[in-house]
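Now for the letters of each chain:
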Amino acid sequence: MHIGFLGLGNMGGPMARNLLKAGHQVCVFDLSTAAVDALVQAGATQATSVAGVARSDVEVIITMLPAATHVRQVYLGEDGLLANVPAGVLLIDSSTIDPMTAREVAAAAANNGNPMIDAPVSGGTVGAAAGTLTFMVGGSEADFQKAQPILATMGKNIVHCGGTGNGQVAKVANNLLLGISMIGAAEAMSLGVSLGMDAKVLAGVINSSSGRCWSTEVYNPFPGVVENSPASREYSGGFGTDLMLKDLGLAAEAARQVRQPVILGGLAQQLYQAFSMQGNGTLDFSAIIKLYRQEH
């Protein structure tokens, strides 16, 4: 299959590579020349613009972009995808954006004769490289079925979440909970260690008791508890604090639009904002534990 791919960052680059490994022809574009060159060396063809991808006789176009403003520009811009792509080409946006923007862009795509799904991912850069991402998909059943084999070359779990925008709803809700639970894990681990308990023993107790969660078991924020976790490599790699802050902001905005209280989410957003303003935005989000362990 001939696939266009726009956005070759830490997530998009490995995803595009997995499409190539699966035997697809991939036409790529990114503002980073180095990112494009790396994919060309892996077997992709290069477009020189967004419009160039749309005009390259592709059957599917996938986008992985930083924020809603970039999605709007790429899809709705004067020389963007919808101004150039032929009707019938399936559009897949794997960016993490607010559900309302996803629905607005999908409606514009439908008016242009293009089926579109929102398919944000979970699994981080490791999952992107390994092809084990979880895709949360919003769109019609027919469009989901058409996209599923393509997404399966980049991910392990492909979940249809319902109508347009519901992929983003699932992603926003999941990451809202993740941000909150990581703060809870950081607070509990810091308290236990401050009271004299060994961190690994404490984590073992929590993970065999009712406090167990992904943030304590798989991604424990205390250094040395989980081997090869960001906490055990000085919080490098993983999911950055500023990315978590972005997602909590998306949750807050989505909640505002439907007048749904997100009280703990608002507090989590403030804590990550303060942590980022201290110069920690590039550290993994589990580094939030540093707010509780200032002596370290």
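Predicted, not measured: the structure shown is a model, and the values here were computed from it. (Residues numbered from 1 in each chain as written. Predicted model: local features only at pLDDT ≥ 70, side-chain atom pairs only at ≥ 80, totals over all residues. Heavy atoms only, no water.)

Caption draft 1: Region of interest: the overall build of the protein. A count of helices and strands for the protein gives twelve helices and nine strands. Relative to the 2.2 N^0.38 estimate, which gives 19 Å for 296 residues, the radius of gyration of the protein is 20 Å and therefore close to what a compact globule would have. C-alpha extents for the protein along the principal axes are approximately 65 × 45 × 35 Å. Taking all 296 residues of the protein together, the buried fraction comes to 48%. A total accessible area of about 13300 Å² is found for the protein, and carbon and sulfur atoms account for 55% of it. (Helix = DSSP H or I, 4+ residues; strand = E, 2+ residues; numbered from the N terminus. Rg over C-alpha atoms; globule rule 2.2 N^0.38 Å. Buried < 20%, exposed > 50% of the residue type's maximum accessible area, 1.4 Å probe, protein only. Areas by Shrake-Rupley, 256 points an atom, 1.4 Å probe, with all protein chains shown as cover.)

Caption draft 2: Local environment of the environment of Met-277. Mapped onto the elements, Met-277 comes out in helix H12 (residues 263–280). Taking relative accessible area as the criterion, Met-277 reaches 66% and is therefore assigned exposed. Along the chain, Met-277 and Asp-242 lie 35 residues apart, while their C-alpha atoms are 9.8 Å from each other.

Caption draft 3: Helix H9 (residues 199–206), seen in detail. All of the buried residues along H9 are Ala-199, Leu-202, Ala-203 and Ile-206. Buried positions in H9, seen along its axis, are confined to an arc of 100 degrees and lie on one side of it. Where the residues of H9 are buried, they touch helix H8 (166–194) and helix H10 (214–217). (Arc of directions from axis to C-beta. Contact = heavy atoms within 4.5 Å.)

Caption draft 4: View of the nonpolar core. Among the nonpolar cores identified, the biggest contains 32 residues, and Phe-5, Met-15, Ile-62, Ile-92, Phe-135 and Leu-151 are the most heavily contacted of them. Elements represented by at least two residues in this core include exactly strand E1 (2–6), helix H1 (12–21), strand E2 (25–29), helix H2 (33–41), strand E4 (60–63), strand E5 (90–93), strand E8 (133–138) and helix H7 (141–151). When near neighbours in sequence (up to four residues on either side) are disregarded, Ile-92 contacts Val-60, Ile-61, Ile-62, Thr-63, Tyr-75, Ile-117, Ala-119, Ala-147 and Leu-151. By size, the runner-up hydrophobic cluster in this structure holds 29 residues, among which are Val-172, Ala-203, Ala-251 and Ala-268. (Core = buried A, V, L, I, M, F, W, Y, C linked by side-chain atoms within 4.5 Å.)

Caption draft 5: The domain arrangement of the protein, seen in detail. Per the domain assignment, the segments of the protein are domain 1 (2–163) and domain 2 (169–291). Taking only C-alpha atoms, the centre of domain 1 and the centre of domain 2 are 29 Å apart. Domain 1 puts twelve residues into the contact, and the matching count from domain 2 is ten residues. Both sides together, the interface formed by domain 1 and domain 2 hides about 970 Å², and carbon and sulfur atoms give 66% of it. (Domains from an automatic or database assignment. Buried area = accessible area lost by both parts, 1.4 Å probe.)

Caption draft 6: Layout of the environment of Val-85. Relative to the elements of secondary structure, Val-85 occurs in the loop between helix H4 (68–76) and E5. Residue Val-85 is classed as buried on the basis of its relative accessible area of 6%. Apart from the residues within four sequence positions on either side, Val-85 is in contact with Ala-54, Ile-61, Asn-112 and Asn-114.

Caption draft 7: Region of interest: the UniProt feature "domain: 3-hydroxyisobutyrate dehydrogenase-like NAD-binding" (unreviewed entry) in the protein. Following the UniProt record, one finds the feature "domain: 3-hydroxyisobutyrate dehydrogenase-like NAD-binding" (unreviewed entry) at residues 165–292. Taken end to end, residues 165–292 has its terminal C-alpha atoms 37 Å apart, with 60% of it in helix and 0% in strand. (UniProt positions renumbered as here; feature names shortened; annotations may be inferred.)

Caption draft 8: Examining the side chain of Ser-56 more closely. Inspection of the secondary structure assignment puts Ser-56 in the loop between helix H3 (50–54) and E4. The buried category is assigned to Ser-56, whose relative accessible area is 18%. A polar atom in the side chain of Ser-56 sits 2.6 Å from the backbone oxygen of Val-53. Setting aside chain neighbours within four positions, we find Ser-56 in contact with His-2 and Cys-27. (Polar contact = N/O pair within 3.5 Å; in protein donor to acceptor, adjacent residues only side chain to side chain.)

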